Every structure is written in C-alpha cells, then in structure tokens.
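Commentary on secondary and tertiary structure
Given next are the chains, with one letter for each unit.
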Amino acid sequence: MSTGSYDFTGYEVLVIGGTRGEGHTIATAFARSGASVTVTGTMMLRALYDTDLSAFDYESVNLARQESIDNLVGVIGHIDVLVLAASCNLPFGLPASEQAFVAEAARSGLLGPTFLTTRMRLKLSQSPALGGGCVINTGAVATWLELSSTPEAAQAQLVESTVRAGEQWSGLGVRVNTVLQRHRSVLPRQYAPVAASSHGSRLSGDTLVRTQRMSEAVAESTLFLASSAASRITGQTLRLS
C-alpha cells in the first residue's frame with residue numbers, strides 16, 4: 001500500500017472499527033505514516049481477533065450502547081483524527097422493538113457514530129494539528145442510517161449531515177468530511193460470474209482484487225483528508241467509484 005508522502009508523526013488517531021476490513025486498512029496506513037493509532041472492536045480482548053493488531057492500541061466499544069461509548073470517551077486522552085469505519089451489526093435475533101429503538105436513536109444521533117463524534121468534539125477541538133481536529137466518516141456510517149432507510153437515502157443523509165457538521169463545527173476548530181464508495185448492488189451467488197477456463201484469471205478473484213484496491217483507495221483518501229494539505233477542507237464528501 002502506498003501512503004504517499006504523508007507524515008503523521010505525533011498524531012493520535014482513533015479508528016472505530018479498525019480491527020478488520022476497510023477500517024484495518026485505514027489504521028495500518030496511518031500507523032505506517034507515523035501516527036499512534038488506537039483501533040476499536042466489539043470483542044473484549046484484541047487476542048480474540050484473527051487480524052494482526054500488534055501495531056495498534058485496542059479498546060472495546062459497542063456503538064449501540066451509550067454507556068460503552070461514554071467509557072471509550074473516558075479512556076481516550078488526546079486525539080487528532082477520528083475515523084468512523086464500524087458498520088452496524090446488531091445481534092442476531094434482536095427483538096423488533098429493540099431494533100426499532102436502536103434505529104431511531106441512531107437516526108437521531110443518540111447512539112452510533114454520530115453520538116460518539118459529538119462526545120469526542122471537545123477533545124478534537126483541542127488538537128494542535130494544522131486545520132484542527134479531524135473527523136472522517138466512511139461508508140460504514142451509512143449502515144447505521146440504513147436501519148430506517150434505503151441504502152441510497154442513507155448515503156444522501158450522510159452527505160447532508162457532513163455538510164451541516166462541517167459548517168457547525170468549523171468554529172470549534174474541527175473539520176468533518178466523508179469518503180464514500182459508490183453504492184453497488186450485490187448479485188446473488190447463483191448469478192456470480194465463473195472462471196472462463198482453468199488457465200484464465202477467475203472473475204471472482206478479480207472482484208476480490210478490486211475490493212482490496214477500493215479499500216486502499218478509501219485509506220488514501222482518508223489520509224489526504226486528515227493531512228495538512230486538506231486543512232481548509234470541511235463539510236465535503238469524496239465519492240470513489
């Protein structure tokens with residue numbers, strides 16, 4: 001992975017959902033660029049993950065519970081960059097009434113990524129980084145809004161909330177931006193393309209490569225938005241396709 005010429009030495013970065021997938025790619029990119037990185041997951045211990053988390057500090061958090069978010073805010077000291085990359089994964093078999101409560105609370109900003117960001121606002125405002133503290137949403141934030149909306153409407157709502165937060169938080173010295181992948185529908189397995197021949201490249205393998213490259217593109221965009229080069233950028237959404 002190329003991280004360009006970014007130097008985040010001295011930065012404290014918190015990646016929510018940095019234990020796997022896109023979040024882990026982002027956390028790794030920051031660490032390779034000199035930042036001190038803390039990642040979060042839902043498990044109590046980092047040893048329970050198959051992913052190598054040795055380069056990071058680790059904290060457990062459940063974004064569907066206010067007390068868990070408050071506990072995380074309490075243990076985090078200085079912070080320069082907050083990256084939100086944790087998708088919404090509610091427990092299987094959760095009663096419909098409780099799921100509806102979580103959906104409404106997430107939409108209203110009383111749970112989930114928005115609530116965490118609000119609780120972190122004061123600490124972010126104290127960052128000495130050029131341009132101030134920085135919040136970067138990824139497409140994972142939209143999955144919380146999808147609890148009560150379509151994927152397309154959830155992404156639109158995320159874009160709108162990024163604009164509002166960018167305007168409202170600029171006076172506090174905090175920038176808020178978003179990196180979004182273009183939404184794609186997923187074909188059922190029975191319609192997935194198969195290999196053309198035993199000697200040719202597998203299309204499914206190509207899809208995996210594209211997914212990996214997209215994660216790296218999201219990471220590159222995240223590092224740019226957190227860098228001094230983007231110190232005047234706030235309230236914006238970068239769309240990747």
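The notes below deal with the structure included here. (Residues numbered from 1 in each chain as written. Predicted model: local features only at pLDDT ≥ 70, side-chain atom pairs only at ≥ 80, totals over all residues. Heavy atoms only, no water.)

1. What to know about the sheet that holds strand β7 (residues 237-240)
- Judged by pairing direction, the sheet is parallel, and its seven strands sit side by side in the order β3-β2-β1-β4-β5-β6-β7 without closing on themselves. The open sheet is flanked by β3 (57-60) and β7, the only strands paired with a single partner. Strand-to-strand twist across the sheet, computed as the mean angle between neighbouring axes with direction ignored, equals 20 degrees.
- Each of β1 (12-16), β2 (36-41) and β3 is contacted by helix α2 (residues 66-75), which is oriented at about 150 degrees to β3, the strand it contacts most. (Pairing = 2+ DSSP bridges. Helix = DSSP H or I, 4+ residues; strand = E, 2+ residues; numbered from the N terminus. Axes fitted to C-alpha atoms, helices over the stretch in contact; angles between N-to-C directions. Contact = heavy atoms within 4.5 Å.)

2. Some details on α2
- Of the positions making up α2, those classed as buried are Ser-68, Ile-69, Leu-72 and Val-73. Along α2, the residues classed as buried sweep out an arc of 140 degrees about the axis, all on the same side. Turned more than 90 degrees away from the buried face of α2 sit Glu-67 and Gly-74, all of them exposed.
- Buried residues belonging to α2 abut β1, β2, β3 and α4 (112-125). (Buried < 20%, exposed > 50% of the residue type's maximum accessible area, 1.4 Å probe, protein only. Arc of directions from axis to C-beta.)

3. Comments concerning the packing of α2 against α4
- For the pair α2 and α4, the least separation of the axes is 10 Å and the interaxial angle reads 30 degrees. The angle between the axes of α2 and α4 places the two elements in the roughly parallel class. The crossing of α2 and α4 is right-handed. Judged by residue contacts, Gln-66, Ile-69, Asp-70, Leu-72, Val-73 and Gly-74 of α2 engage Gly-112, Phe-115, Leu-116, Arg-119, Met-120 and Lys-123 from α4.
- Here the residues of the contact of α2 with α4 sort into six nonpolar, three polar and three charged. (Parallel < 35°, antiparallel > 145°, perpendicular 65-115°, else oblique. Left-handed = near helix turned anticlockwise from the far one by under 90°. Nonpolar A, V, L, I, M, F, W, Y, C, P; charged D, E, K, R; others polar.)

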